[in-house]
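Residues per chain, in single letters:
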Amino acid sequence: MSAIVSVEGLWTRYGKQVIHRDLDLDVRDSEVLGIVGGSGSGKTTLLRQMLGLDRPMRGAVKVFGHDLETASAADLRRMRRHWGVLFQHGALFTALTVFDNVALPLRELRALPAPMIADLVMLKLRMVGIGAEHAPKMPSQLSGGMIKRVALARALALQPELLFLDEPTAGLDPESGESFVELINTLRKELKLTVVMITHDLDTLISLADRVAVLADQQLIAVGTLDEIVNIRHPFIQSLFHGERGQRALAAVDGTGDSNDDVATAARNNIS
Amino acid sequence: MSEIPSEGELPSFATTESPASTVALKGDWTLDTLAARIPPLTQQARRYSRRAWDLREIGSIDDAGATLLWHAWGAQKPAELLLRPEQEALFNRLAEAPKPPRARRRRVWSALAPVSRVGERVVDIIDHLSAFTSLLGQAVLDVARIAGNPARMPWREISANVHRTGAQALPITALVSFLIGIVLSYLSARQLKLFGADVYIVDILGISILRELGPVLAAILVAGRSGSSMTAQLGVMRVTQELDALAVLGIPYSLRLVLPKIVALAIALPLLVLWTDAIALLGGMVAAGAELNIGYRHFISALPGAVPVANLWLGLAKGAVFGVLIGLVSCHFGLRIKPNTESLGAGTTNSVVTAITVVILVDAIFAVAFSEVGIP
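Note that this is a predicted model, so its numbers are computed, not measured.

The rules behind each value
Residues numbered from 1 in each chain as written. Chains lettered and ligands numbered in written order. Predicted model: local features only at pLDDT ≥ 70, side-chain atom pairs only at ≥ 80, totals over all residues. Heavy atoms only, no water. Helix = DSSP H or I, 4+ residues; strand = E, 2+ residues; numbered from the N terminus. Rg over C-alpha atoms; globule rule 2.2 N^0.38 Å. Buried < 20%, exposed > 50% of the residue type's maximum accessible area, 1.4 Å probe, protein only. Contact = heavy atoms within 4.5 Å. Lys, Arg positive; Asp, Glu negative; His and termini not counted. Charge placed at Lys NZ, Arg CZ, Asp CG, Glu CD. Areas by Shrake-Rupley, 256 points an atom, 1.4 Å probe, with all protein chains shown as cover. Core = buried A, V, L, I, M, F, W, Y, C linked by side-chain atoms within 4.5 Å. Domains from an automatic or database assignment. Buried area = accessible area lost by both parts, 1.4 Å probe. Salt bridge = Lys/Arg side-chain N within 4 Å of Asp/Glu carboxyl O. Polar contact = N/O pair within 3.5 Å; in protein donor to acceptor, adjacent residues only side chain to side chain. Nonpolar A, V, L, I, M, F, W, Y, C, P; charged D, E, K, R; others polar. Pairing = 2+ DSSP bridges. Axes fitted to C-alpha atoms, helices over the stretch in contact; angles between N-to-C directions. Patch = residues over 30% accessible without salt bridge, like charges linked within 9 Å, V, L, I, M, F, W, Y side chains within 5 Å.

Student: Tell me about the overall build of chain B, residues and numbers included.
Tutor: Each helix and strand counted, chain B has 13 helices and 4 strands in total. On C-alpha atoms alone, chain B measures out to a radius of gyration of 35 Å, which is more than a quarter above the 21 Å that the 2.2 N^0.38 rule sets for 376 residues. Along the first, second and third principal axes, the C-alpha set of chain B runs to 110 × 60 × 60 Å. Per-residue burial for chain B yields a buried fraction of 43% across its 376 residues. The contacts of chain B with a sequence gap of at least 6 include a subset with a gap of at least 24, amounting to 79%. Taken together, the 33 basic and 29 acidic charged side chains of chain B have centroids lying 5 Å from each other.

Student: Report on the overall build of chain A, specifying residues and quantitative values.
Tutor: Tallying secondary structure elements over chain A gives 11 helices and 10 strands in all. Computed over C-alpha atoms, the radius of gyration of chain A comes to 19 Å, within 12% of the 19 Å expected from 2.2 N^0.38 for 272 residues, which places it in the range of a compact globule. Along the first, second and third principal axes, the C-alpha atoms of chain A reach 60 × 45 × 35 Å. For chain A, with 272 residues in total, the buried portion stands at 56%. For chain A, restricting intrachain contacts to residue pairs at least 6 apart in sequence, the fraction spanning at least 24 positions comes to 62%. For chain A, the computed accessible surface area is about 11,700 Å², with 50% contributed by carbon and sulfur atoms.

Student: Explain the nonpolar core residue by residue, including any values.
Tutor: Ranked by internal contacts, the top residues of the largest apolar core, which has 89 residues, are Leu-152 and Phe-241 of chain A together with Trp-29, Trp-53, Leu-55, Leu-69 and Phe-91 of chain B. Sort the elements by how many residues they give to this core and helix 4 (residues 114-127) of chain A lands first, with 9 residues. Among all residues touching Phe-91 of chain B, those that are not within four sequence positions of it are Leu-55, Ile-61, Ala-66, Leu-69, Trp-70, Trp-73, Lys-77 and Leu-83 of chain B. Ranked by size, the runner-up nonpolar core spans 40 residues in total, among them Ala-139, Leu-257, Ile-262 and Leu-272 of chain B.

Student: Lay out the domain arrangement of chain B in plain terms, naming residues and giving numbers.
Tutor: Split by domain assignment, chain B resolves into domain 1 (7-96) and domain 2 (138-369). Using only C-alpha atoms to locate each centre, domain 1 of chain B and domain 2 of chain B end up separated by 68 Å.

Student: Provide a residue-level description of the interface of chain B and chain A, including the pertinent values.
Tutor: Listed as interface residues are 29 residues of chain B and, on the opposing side, 38 residues of chain A. Taking both partners together, chain B and chain A bury about 3,000 Å²; carbon and sulfur atoms supply 65% of that area. Where chain B touches chain A, the interface holds 2 salt bridges. Between Glu-96 of chain B and Arg-126 of chain A there is a salt bridge, with the nearest N and O atoms lying 2.5 Å from each other. Scanning the region where chain B abuts chain A turns up 5 residue pairs in polar contact (both at pLDDT 80 or more). Taken together, the elements giving at least two residues each to the side of chain B that touches chain A come down to helix 1 (31-34), helix 3 (63-72), helix 4 (85-96) and helix 13 (341-369) of chain B. At 5 residues, helix 3 of chain B tops the list of elements feeding residues into the side of chain B that touches chain A. Residues of the side of chain B that touches chain A, tallied by class, amount to 15 nonpolar, 5 polar and 9 charged.

Student: Run through the sheet that holds strand 4 (residues 58-63) of chain A, naming residues and quoting values.
Tutor: Residue and element names in this part refer to chain A. Taken in spatial order, the 4 strands line up as 2-1-4-5 in an open sheet, and their pairing is antiparallel. Edge positions in the open sheet fall to strand 2 (17-28) and strand 5 (66-67), since each of these has one partner strand only. The strands touched by helix 1 (residues 43-50) within the sheet are strand 1 (3-14), strand 2 and strand 4, with strand 1 carrying the most contacts at an inclination of about 125°.

Student: Provide a residue-level description of the environment of Ala-264 of chain B, including the pertinent values.
Tutor: All names here are of chain B. Its location among the elements puts Ala-264 in helix 10 (residues 253-292). As for Ala-264 and Ala-169, which are separated by 95 residues in sequence, their C-alpha atoms are 13 Å apart. In this structure Ala-264 touches Ile-158, Asn-161 and Val-162, once residues within four positions along its chain are discounted.

Student: Quick one: what's the story with the environment of Gly-224 of chain B, residue by residue and with numbers?
Tutor: Residue and element names in this part refer to chain B. Note on placement: Gly-224 falls in helix 8 (residues 201-239). Classification of Gly-224 as partly exposed rests on a relative accessible area of 33%. With 155 residues separating them along the chain, Gly-224 and Leu-69 place their C-alpha atoms 56 Å apart.

Student: Just give me the short version of the sheet that holds strand 3 (residues 32-37) of chain A, but keep the residues and values in it.
Tutor: Residues and elements named next belong to chain A. Judged by pairing direction, the sheet is mixed, and its 6 strands sit side by side in the order 6-7-8-3-9-10 without closing on themselves. Whereas interior strands pair on both sides, the edge strands pair on one side only; in this sheet they are strand 6 (83-86) and strand 10 (219-224). Neighbouring strand axes in the sheet, compared pairwise and without regard to direction, differ in orientation by 15° on average.

Student: Any chance you could break down a negative patch on the surface for me, citing the residues and the numbers?
Tutor: Residue and element names in this part refer to chain A. Residues Asp-173, Glu-175, Glu-178, Glu-182 and Asp-203 make up a contiguous surface patch of negative charge. When residues of the negative patch are assigned to their parent elements, the largest contribution, 3 residues, is made by helix 6 (residues 174-191). Structurally, the position occupied by Glu-178 is in helix 6.

Below, the structure is given as structure tokens:
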């Protein structure tokens, strides 16, 4: 399987503090990779480096096979048209309406006629469950969940193959968090997306991620499917999956009877 | 290693006249392949819109491609349409998508438009004035409250603001006032020389700088420098809900944020005026020495006789008043900023422009009210 994003020998250091020590990570085609880690473990920094917003101190990040540091401007531009990013707080343009926020990337192509842009925008908004009555509103008039939905619509405007999600459910109430996860799941099936997702929410991780990468102690201590990860003996993983919250999340999965059953069972066996 | 998804095959039409006139689509109908070819493709599709369509041989089609066809078909499926199942879903989504809201209508022109525009302006100004007045009232109430309980005086904030608006403004005010002093002195000296009235350079510089230039120059620089930053600070605090956070902690922001700024400017600006006066006179003295051969010792000893000391006090009083006004105006605009980036920019601009205008207006009032004071 080919790697859409690959991180090779990545080091990050702020002053004397080492954030990442020799990281290697591949994101495979059409998978959802969840990156978890404690706060301050450098999850968001890693994401910013994958997006080319920050430069790693050493090592390389390749997206679609191009090194972000050495790629030509034209390649970078083409690359950026094929990925979408959902920032943690949405990062909507506060001076533009919901409609204009989603229309912006389409208008920047300078190729689409206005009526087509309008239809595409309404299509994307509908896709993320935002009604037409919200289109003329300003971002400050929206609730947190709606801001994330609109931001997702903007991220999907150019029909990207690769989607980055930074804490997609953080700051949402459980219900909107759940429906947001559902939304991403449906979109992922419809649009054939590769997703890189940062989260610290176990429910989100369990219901979305095909593989999980765990960042701790400045390194990726484990990369693999959930059931592979759960049994690894590491203090962070133990506290993540085997704490009270983790147990509840896994038990919920257990009840629904999907393929993650064995994960929950494995986790429980591991404790006892 | 995978590649950046490449452009794919070009979209094209294949028409067959027999058995029935059918249009079969080939190639990829995606945003990438369409991009520059949208107008001709739409036209062509429109021409075929009455025929039978066959989309089964398309390489790939995305929302953009589907939208293009949808438009060409006149927002409905053609009578005969052959689709793959996943394409069916795509067009169903399009059919269900709501219509985009109509663009806001331009305001209808009418004979009353100019009148209503004036009316809106007036209402806007009244709104500003009433908010400004209540801010002023709040500041007075805060002062009264502190007078009853001096321990609550926000000394740290005041001293921080004096440092930022006063001490840190010393270099720039010095530079500007020195140059203005030189220019003023040089130009006046040329005129005075014509009349042989060289010694009056001291009177001209002394009165104009102490009475007018010093206070106004310092006030304009402070309005631009500190007024804008105060507006922006309050504006961002409003956007990030820091003001709300202060309020729920039981810390009134008028007391903690607004009052210290006003008090600090009322203290710092007179001091800056003194500094500006001194440096501008220094500049004038240097230029007078070069142009008219007036010795520095003579210039300094002649100054007290030529300029009544009332001018200095008037200048300092003006400085204090300007300081209070600049503080009030910048806080007023800062507190009115709405949570979006455009409002922040516009608010800061309005704040500086208004502060400078108010300073000059009030200066004119001072000039009229004190026309009998300090003129020898």
